[in-house]
Amino acid sequence: MAAGLLSSGDEDLSPDNVKRHLSTRFVGQAFHYFPSVTSTMDVARALAVGGAPEGSVVLAEEQRQGRGRLGRAWLSPPGGNLTLSIILRPTLRELSRLTMVASLAVVQAIRQVATQEAAIKWPNDVLISGRKICGLLVDSQLQGEAVEWAVVGIGLNVNMEPAFFPEIADSATSLYRELGRPVERLPVLIALLASMEDYYVALRLGKPIQREWARRLETVGKSVVAREGNRVVEGVAEAVDDEGHLLVRRSDGTLVHLVAGEATLRRV
Ligand code: ATP
């Protein structure tokens, strides 16, 4: 058993078994399973470029170079968590809302399978009791105004014990840590893929998912320090707009719009 892992990790997440349980129309219907990859994002990107259908999923037990946004490392013991990437083909307008889709889907799956209420930390983390249980990222390729492909990466901590990883021991949690028992990954995965499809279809139908996302955000009302490229913005997170930008009010009264793909936040 890998260090930091609390279940045997020998559940059957093979494509046949996953597909037997899937209730979706397209998300996960093409399912690529790997024991070990550099990163599911790399594999999914190559598949997307090669024309893989919308909803294709790449799941790996181990990522040798798992990463979060802006090249940061994503830590996950082999076989313990869910690390996956989903290929989508949204419009440009929908692309800017994919982080909303994915974070709402994770919150819903956690509620359904583990009866835990999670919150969203702007722009791309899902938290339980203030600790990060899931990281998300979106990668995409544009051709002018057209989106050639988008890939949503999800790292959801299921059976890892964050205490084994000093870098994140205090800031991370897992379903195991919250529930105090190992959790079967297959039902979590099935619920997650179904929720992804539900929220993505809602987005495509023009439903205002940003309202639900905004209600789930724990960031609004808090004092934050945001870093966006070289600029540092300090103030109170006042609201989010329809695009998902965070509006931060500085002490001099000016309002700054932060873009989800580019900013990172620290609490003060
Ligand atoms: P932050 O998490 O500091 O708000 P971010 O949202 O930009 O920043 P990501 O790029 O989404 O961060 O994720 C990478 C960061 O997440 C790492 O720098 C590390 O602090 C943390 N991390 C890495 N692995 C895990 C994990 N399994 N669970 C929770 N947090 C993790």
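Each remark here, short or long, concerns the structure printed above.
Residues numbered from 1 in each chain as written. Predicted model: local features only at pLDDT ≥ 70, side-chain atom pairs only at ≥ 80, totals over all residues. Heavy atoms only, no water.

The next thing to look at is unusual backbone geometry. Trans is the common state for peptide bonds, and a negative phi is the common state for residues other than glycine. With an omega of -5 degrees, the peptide bond between Trp 122 and Pro 123 qualifies as cis. Residue position: Pro 123 is located in the loop between strand S4 (119-121) and strand S5 (125-128). The phi dihedral of Thr 115 is positive, around 45 degrees, even though this residue is not glycine. Here the phi dihedral of Ser 129 falls at roughly 50 degrees; this positive angle occurs in a residue that is not glycine. With relative accessibility at 63%, the residue Ser 129 sits in the exposed group. (Helix = DSSP H or I, 4+ residues; strand = E, 2+ residues; numbered from the N terminus. Buried < 20%, exposed > 50% of the residue type's maximum accessible area, 1.4 Å probe, protein only.)

The ligand sits among 15 residues. The nearest are Arg 69, Leu 75, Lys 121, Lys 132 and Asn 157. Note that a nitrogen atom of the ligand is positioned 2.7 Å from one of the backbone N or O atoms of Leu 75. A distance of 2.7 Å separates an oxygen atom of the ligand from a polar side-chain atom of Lys 121. Contact with the protein chains covers 84% of the free accessible surface of the ligand, which is 620 Å². Here the shell around the ligand is built from residues that sort into six nonpolar, four polar and five charged. (Near = heavy atom within 4 Å. Polar contact = N/O pair within 3.5 Å; in protein donor to acceptor, adjacent residues only side chain to side chain. Areas by Shrake-Rupley, 256 points an atom, 1.4 Å probe, with all protein chains shown as cover. Nonpolar A, V, L, I, M, F, W, Y, C, P; charged D, E, K, R; others polar.)

Along a regular strand, successive side chains alternate from one face of the sheet to the other. One ladder, built from four bridges, connects S5 with strand S6 (residues 131-143); its direction is antiparallel. Within S6, the residue paired with Leu 127 across the bridge is Lys 132. Pairing of S6 with strand S7 (residues 146-156), which is carried by 10 bridges, proceeds in the antiparallel orientation. The residue of S7 that forms the bridge with Gln 143 is Ala 146. (Pairing = 2+ DSSP bridges.)

Here we take up the nonpolar core. With 66 residues, the main nonpolar core has Leu 84, Ile 154 and Leu 156 as its most contacted residues. Among the elements that take part in this core, helix H6 (residues 185-204) stands out by supplying 12 residues, more than any other. Counting the residues that make up this core, at least three belong to each of domain 1 (15-215) and domain 2 (220-265). Not counting the four nearest positions on each side in its chain, Ile 154 is found in contact with Leu 82, Thr 83, Leu 84, Ile 86, Val 106, Cys 134, Gly 135, Leu 136, Leu 192 and Met 196. Among the nonpolar cores identified, the runner-up in size contains nine residues, and Met 41, Ala 44, Val 58 and Leu 137 belong to it. (Core = buried A, V, L, I, M, F, W, Y, C linked by side-chain atoms within 4.5 Å. Domains from an automatic or database assignment. Contact = heavy atoms within 4.5 Å.)

Turning our eyes to something else, we now look at the environment of Gly 155. Positionally, Gly 155 belongs in strand S7. Of the residues examined, Gly 155 reaches a relative accessible area of 6% and is grouped as buried. For Gly 155 and Gly 135, which are 20 residues apart along the polypeptide, the C-alpha to C-alpha distance reads 5.3 Å. Once residues within four sequence positions are removed from consideration, Gly 155 is found in contact with Trp 74, Leu 82, Thr 83, Ile 133, Cys 134 and Gly 135.

Counting across every chain of the model gives 14 salt bridges. Measuring nitrogen to oxygen at the nearest pair gives 2.8 Å for the salt bridge that ties Glu 61 to Arg 185. Here the residue Glu 61 occupies a position in strand S2 (residues 57-63), and Arg 185 occupies one in helix H6, the gap between them amounting to 124 residues. Among the ionic pairs, Glu 238 bridges to Arg 249, the shortest N-O distance being 2.9 Å. Taken together, the residues span a long stretch of sequence, with Glu 238 in strand S9 (residues 231-240) and Arg 249 in strand S10 (residues 246-249) at a distance of 11 residues. Taken together, the salt bridges that share partners define one network made up of Asp 42, Arg 45, Arg 67 and Asp 139. (Salt bridge = Lys/Arg side-chain N within 4 Å of Asp/Glu carboxyl O.)

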